[in-house]
Amino acid sequence: MGSWCLRVRWQFPASGPFTQNLGHAQIRRGTFDYAALFPDSPRSKRFDGDDAPSPATAKGDHPTPTFAEFAELWVIESGPRWRAQYRTEVRKTLDAIILPGLGDKPLAVIDRGHLLGFQAQIAKRRGRNGETVSARRINKVMGLVKTILNEGCDRHGLQSPARTLKRLKQGRTEVMPFSLEEVELLIARVRDDYRPYLTVRLLTGLRTGEADGLQWEDIDFAAGVFRVERTHSRNGDGGTKTDGSRRTIPMVPRCGPLSRPSAPGRSRAARGSSTASTATRWTR
């Protein structure tokens with residue numbers, strides 16, 4: 001039976017306990033016949049023969065696309081607004097997690113039970129280092145599901161079950177910043193080729209992608225500032241996280257000894273991720 005029969009399981013007309021229990025048993029077996037069980041009910045015509053609603057149709061009795069079909073349309077429409085890195089992340093999450101679980105289901109069939117079951121499946125997955133997936137990651141995936149499902153249901157005259165789905169509670173992350181003494185110790189003890197990069201990271205508060213995206217033209221030694229204009233990740237160069245992330249950072253005196261490298265063609269102050277290979281592109 002389609003999911004529509006599940007939505008009427010608590011709508012049985014006034015009847016004895018035996019009749020109601022029989023109706024619930026038929027639903028579980030997939031043999032539920034509302035008109036046969038309640039012939040005198042005014043609702044029986046809704047479930048009579050060709051007039052019975054199809055679980056894959058929306059208002060207006062037209063078929064709805066599957067989640068996968070609408071997700072592809074949504075990606076095409078939304079893609080121009082996204083940074084390249086975010087497009088890659090969305091595509092990867094859809095292909096690896098969301099579409100295998102929900103992709104073949106028509107929008108009109110997906111209900112709250114499907115979403116809760118899918119959420120439980122995500123929770124059983126193993127993340128990095130074999131650890132269970134965090135509540136933050138689950139909320140992020142389900143947030144993508146909600147966005148797509150809400151938009152699809154709105155377009156096809158459906159009530160989205162995702163709107164009543166609550167986020168999982170996330171534990172607060174305890175932040176323990178380095179003390180100034182610890183910062184000085186780290187800078188003093190790190191190997192020489194990594195010291196300029198670590199100095200900038202520790203004394204400017206730049207995000208990893210922002211520090212890795214710095215080019216020498218972004219460093220104004222005369223004015224004593226860093227200009228954050230771009231980011232860099234494994235997917236290449238990209239824009240900043242938000243428009244507000246494009247900003248000017250004061251250069252503390254400890255960063256002053258940095259100087260442009262003399263080797264030709266080395267325009268980037270740092271490149272790649274915060275690894276030793278990144279540090280070699282910084283010079284003093």
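These figures come from a predicted structure and were not determined experimentally.

Participant: Honestly, the overall build of the protein chain in this entry has me stumped. Any pointers?
Facilitator: Tallying secondary structure elements over the protein chain gives 11 helices and five strands in all. The buried share of the protein chain, taken over its 284 residues, is 38%. In the protein chain, the proportion of contacts linking residues at least 24 apart, taken out of those at least 6 apart, comes to 58%. When the accessible surface of the protein chain is totalled, it reaches about 17,200 Å², and 51% of it is carbon and sulfur.

Participant: Before we go on, may I ask you to explain the nonpolar core in this structure?
Facilitator: Soluble, globular proteins show a tendency: their nonpolar side chains are buried together. Within the largest apolar cluster, 30 residues are counted, with the highest numbers of intra-cluster contacts made by F67, L94 and F118. No other element matches helix α7 (residues 135-155), which puts eight residues into this core. Not counting chain neighbours up to four residues away, the residues in contact with F67 comprise I98, L99, L102, G103, K105, L107, I110, V145, I148 and L149. Counting 15 residues, the second largest nonpolar core, distinct from the first, contains L214, F226, V228 and C255.

Participant: Before we go on, may I ask you to explain the packing of helix α5 (residues 84-102) against helix α6 (residues 112-124) in this structure?
Facilitator: The relative placement of two packed helices is expressed as an angle between their axes plus a distance between the axes. Remark: α5 packs on α6, axes separated minimally by 11 Å, with the N-to-C direction vectors making an angle of 140°. Relative to α6, the crossing made by α5 is right-handed. Across the interface between the two elements, I97, I98, G101 and L102 from α5 touch H114, L115, F118 and I122 from α6. Looking at side-chain class alone, the contact of α5 with α6 contains six nonpolar, two polar and no charged residues.

Participant: Please explain the sheet that holds strand β2 (residues 225-228) as it appears in this structure.
Facilitator: Through backbone hydrogen bonds, the strands of a sheet pair up, either in parallel or in antiparallel fashion. The antiparallel open sheet is built from three strands, whose spatial order is β1-β2-β5. At either end of the open sheet lies a strand with only one pairing partner, and these are β1 (219-220) and β5 (247-250). Pairing of β1 with β2, which is carried by two bridges, proceeds in the antiparallel orientation. Counterpart to I219 in the pairing with β2 is F226.

Participant: Can you walk me through the packing of α5 against α7 in this structure?
Facilitator: Packing of α5 against α7 leaves a shortest axis separation of 11 Å and a crossing angle of 80°. Compared by their axis directions, α5 and α7 come out roughly perpendicular. In this structure, α5 uses E89, V90, T93, L94, I97, I98 and L102 to contact α7, whose residues at the interface are R137, K140, V141, L144, V145 and I148.

Participant: Hey, could you run me through helix α4 (residues 67-78) in this one?
Facilitator: What sets the pattern is the α-helix's 3.6 residues per turn: residues three or four places apart point alike. Here α4 spans 16 Å end to end across 12 residues, near enough to the 16 Å set by a 1.5 Å rise per residue. Residues of α4 that are buried: F67, F70, A71, W74, V75 and S78. One side of α4 carries all its buried residues, which in axial view fall inside an arc of 145°. Tucked inside the fold, the buried residues of α4 contact α5 and α7.

Participant: How should I be thinking about the side chain of T231 in this particular structure?
Facilitator: Checked against the element boundaries, T231 lands in strand β3 (residues 231-233). With residues up to four places along the chain from it excluded, the contact list for T231 reads R83, G209, E210, G213, G236, D237, G238, G239 and T240.

Participant: Any chance you could explain the side chain of T204 here in plain terms?
Facilitator: Relative to the assigned elements, T204 resides in helix α9 (residues 195-204). Reaching out from T204, the side chain makes a polar contact with the backbone oxygen of V200 at a distance of 2.4 Å. Of note is the side chain of T204, whose polar atom sits 3.3 Å from the backbone nitrogen of L206. Contact partners of T204, with chain neighbours within four places excluded, come to F226 and I249.

Participant: Is there a simple way to explain the environment of G239 in this structure?
Facilitator: Summarising the element assignment, G239 is placed in the loop between β4 (236-238) and β5. The class of G239 is partly exposed, set by a relative accessible area of 32%. Sequence-wise, G239 and G213 are 26 residues apart; in three dimensions their C-alpha atoms are separated by 9.5 Å. Not counting chain neighbours up to four residues away, the residues in contact with G239 comprise R83 and T231.

Participant: I keep staring at the packing of aromatic side chains and nothing clicks. Help me out?
Facilitator: The geometry of two aromatic rings is summed up by the distance between their centres and the angle between their planes. Applying the stated rule across the entire model yields three aromatic pairs. Judged by centre distance (5.6 Å) and plane angle (80°), the rings of Y194 and Y197 are edge-to-face. Since its relative accessible area comes to 1%, Y197 is described here as buried.

Participant: Please explain the pattern of salt bridges as it appears in this structure.
Facilitator: If charged atoms from side chains of opposite charge come close, those side chains can pair. Scanning the entire structure with this criterion turns up 15 salt bridges. As a salt-bridge pair, K105 and D104 come within 3.8 Å of each other at their nearest N and O atoms. Where R191 meets D193, a salt bridge forms, and the shortest distance between an N and an O atom there is 2.7 Å.

Cut-off values and rules
- Residues numbered from 1 in each chain as written.
- Predicted model: local features only at pLDDT ≥ 70, side-chain atom pairs only at ≥ 80, totals over all residues.
- Heavy atoms only, no water.
- Helix = DSSP H or I, 4+ residues; strand = E, 2+ residues; numbered from the N terminus.
- Buried < 20%, exposed > 50% of the residue type's maximum accessible area, 1.4 Å probe, protein only.
- Contact = heavy atoms within 4.5 Å.
- Areas by Shrake-Rupley, 256 points an atom, 1.4 Å probe, with all protein chains shown as cover.
- Core = buried A, V, L, I, M, F, W, Y, C linked by side-chain atoms within 4.5 Å.
- Axes fitted to C-alpha atoms, helices over the stretch in contact; angles between N-to-C directions.
- Left-handed = near helix turned anticlockwise from the far one by under 90°.
- Nonpolar A, V, L, I, M, F, W, Y, C, P; charged D, E, K, R; others polar.
- Pairing = 2+ DSSP bridges.
- Parallel < 35°, antiparallel > 145°, perpendicular 65-115°, else oblique.
- Expected span 1.5 Å × (residues − 1).
- Arc of directions from axis to C-beta.
- Polar contact = N/O pair within 3.5 Å; in protein donor to acceptor, adjacent residues only side chain to side chain.
- Phe/Tyr/Trp six-rings, centres within 6.5 Å; stacked < 30°, edge-to-face > 60°.
- Salt bridge = Lys/Arg side-chain N within 4 Å of Asp/Glu carboxyl O.

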